[in-house]
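Commentary on secondary and tertiary structure
Letter by letter, the chains look like this.
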Amino acid sequence: MICDAHIHFFSPGFFAGLGASAEAVAKLEWDDPVSAEALADRWVAELDANGVSRAAIMASLPSDADSVAAAISRHPTRFTGFFMVDPTREDAIAYTTRALDNGLRTLCLFPAMRAYSLHDDRVAKLFELAASRHAVVFVHCGVLSVGVRKRLGLPSPFDLRFSNPLDLQAVASRFPTVPIVIPHFGAGMLREALMLADSCPNVHLDTSSSNGWIKYTAGLTLEGVFRSALATVGPDRLLFGTDSSFFPRGWNRDVYDTQRAGLNAAGATADVQDRIFGGNFSRLF
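Definitions and cut-offs
Here the residue index of a chain counts from 1 through its sequence in written order. Under the rules for a predicted model, residues below a pLDDT of 70 receive no local features and side-chain atom pairs below 80 are neither given nor counted, while totals for whole chains, interfaces and linings still include all residues. As a convention, hydrogens and water are excluded, and side-chain values are obtained from all of the structure's heavy atoms. In this description, a nonpolar core means a group of buried Ala, Val, Leu, Ile, Met, Phe, Trp, Tyr and Cys residues linked to one another through side-chain atoms lying within 4.5 Å. Only protein chains enter the area calculation, which uses a 1.4 Å probe; residues under 20% of their type maximum are buried, those over 50% are exposed, and those in between are partly exposed. Only DSSP runs of H or I reaching four residues or more are called helices, and only runs of E reaching two or more are called strands; each is numbered from the N terminus. Note on terminology: pairs of cysteine sulfur atoms within 2.5 Å are recorded as disulfides. Working rule for contacts: check all heavy atoms of both residues, and any pair within 4.5 Å makes them a contact. We define a salt bridge as a side-chain nitrogen of Lys or Arg found within 4 Å of a carboxyl oxygen belonging to Asp or Glu.

Details of the nonpolar core
Phe79, Phe83, Phe127, Leu168 and Phe185 are the most contacted members of the largest nonpolar core, which has 73 residues in total. For this core, the leading source of residues is helix H3 (residues 36-49), giving 6 residues. Grouped together as the second largest cluster of nonpolar side chains are 31 residues, Phe15, Leu61, Phe158 and Phe246 included.

Written as structure tokens, this is what we have:
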């Protein structure tokens, strides 16, 4: 069983929220998503073609939760819904409550994108809501690069001072029943992500993307990353993901193949790999 814990749902609402014109989007040479429902159907066909049982799909702007909710409603057994929320917005609690009421399961925080501290009381209020609703919290840490913004020529004024996984330690400890997912092994802050996960058993790491941040540590390889993660976090808190996002590329099988090879090289048993590639996702969602 394969479950993908990290797919971006680039709906028409996402592009509208970016303020990108139809002409600018056309220059990407990506397929038109047409509608949230059509995009959901296309993703299901793509998952079927690649033997993927379930996937997490993410609303990648703090205004597009409805698109993911439409996809979840259409294919409730295939998708679990993630949505971005900005805790600095006055309506953050109301927006999050509405998204959870509409069937979404995971709040996504991007502190470097919105320049807020994970020590902010408004973040704690979102965790309090997540605890009461048995929701998951996804927190992007480390290096943040949004390829579609670059391709569209849009500014990306991110502040990496707010990207340290260790800033999560206090709120993760305060809300131990809330599962937390940090993508991309901490995206360049592997050491800090492992330190956090070692001290907070509710912290999970997702393995998604090309993990190009490995270049920041001389001699580090994906095999080495998996060895360190398995030794520190163990096999039950690692979630496979691809970071797939657009068509016609679709589901990024190269990421799957590379991670499978990395786990084989790290000596991960079949049972361990089964948990990482699907079992842990199935249990968490």
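Let's talk about the state of the cysteines
Across all of its chains, the model carries 0 disulfides by this definition. Sulfur of Cys141: no disulfide; nearest cysteine sulfur belongs to Cys200 and is 12 Å away. Residue classification places Cys141 among the buried positions, given a relative accessible area of 0%.

Overview of the environment of Phe14
Inspection of the secondary structure puts Phe14 in helix H1 (residues 12-18). Residue classification places Phe14 among the buried residues on the basis of a relative accessible area of 3%. If we ignore the near neighbours within four places in the chain, the residues touching Phe14 are Phe9, Ser60, Leu61, Asp64 and Val148.

Describing the side chain of Thr80
On the secondary structure map, Thr80 appears in strand S3 (residues 79-84). If sequence neighbours within four positions are ignored, Thr80 has contacts with Arg54, Ala55, Ala56, Ile57, Ile72, Arg105, Phe281 and Phe285.

Some points on the pattern of salt bridges
Counted according to the given criterion, the structure contains 13 salt bridges. A salt bridge links Asp101 to Arg133, with the nearest nitrogen and oxygen atoms 2.9 Å apart. Highlighted residues: Asp101 in helix H5 (residues 92-101) and Arg133 in helix H7 (residues 121-133), separated in sequence by 32 residues. By relative accessible area, which is 52% here, Asp101 ends up exposed. By relative accessible area, Arg133 is classed as partly exposed at 33%. Three or more residues are tied together by salt bridges with common partners; here these are Asp236, Asp271 and Arg275.

Describing unusual backbone geometry
Between Phe247 and Pro248 the backbone carries a cis peptide bond, its omega angle lying at 20°. Even without being a glycine, Val34 presents a positive backbone phi close to 70°. Overall, Val34 belongs to the exposed group, its relative accessible area being 63%. For Phe185, which is not a glycine, the phi torsion comes out positive at approximately 55°. Topologically, Phe185 is positioned in the loop between strand S6 (180-182) and helix H10 (190-199). Given the relative accessible area of 0%, Phe185 is considered buried.

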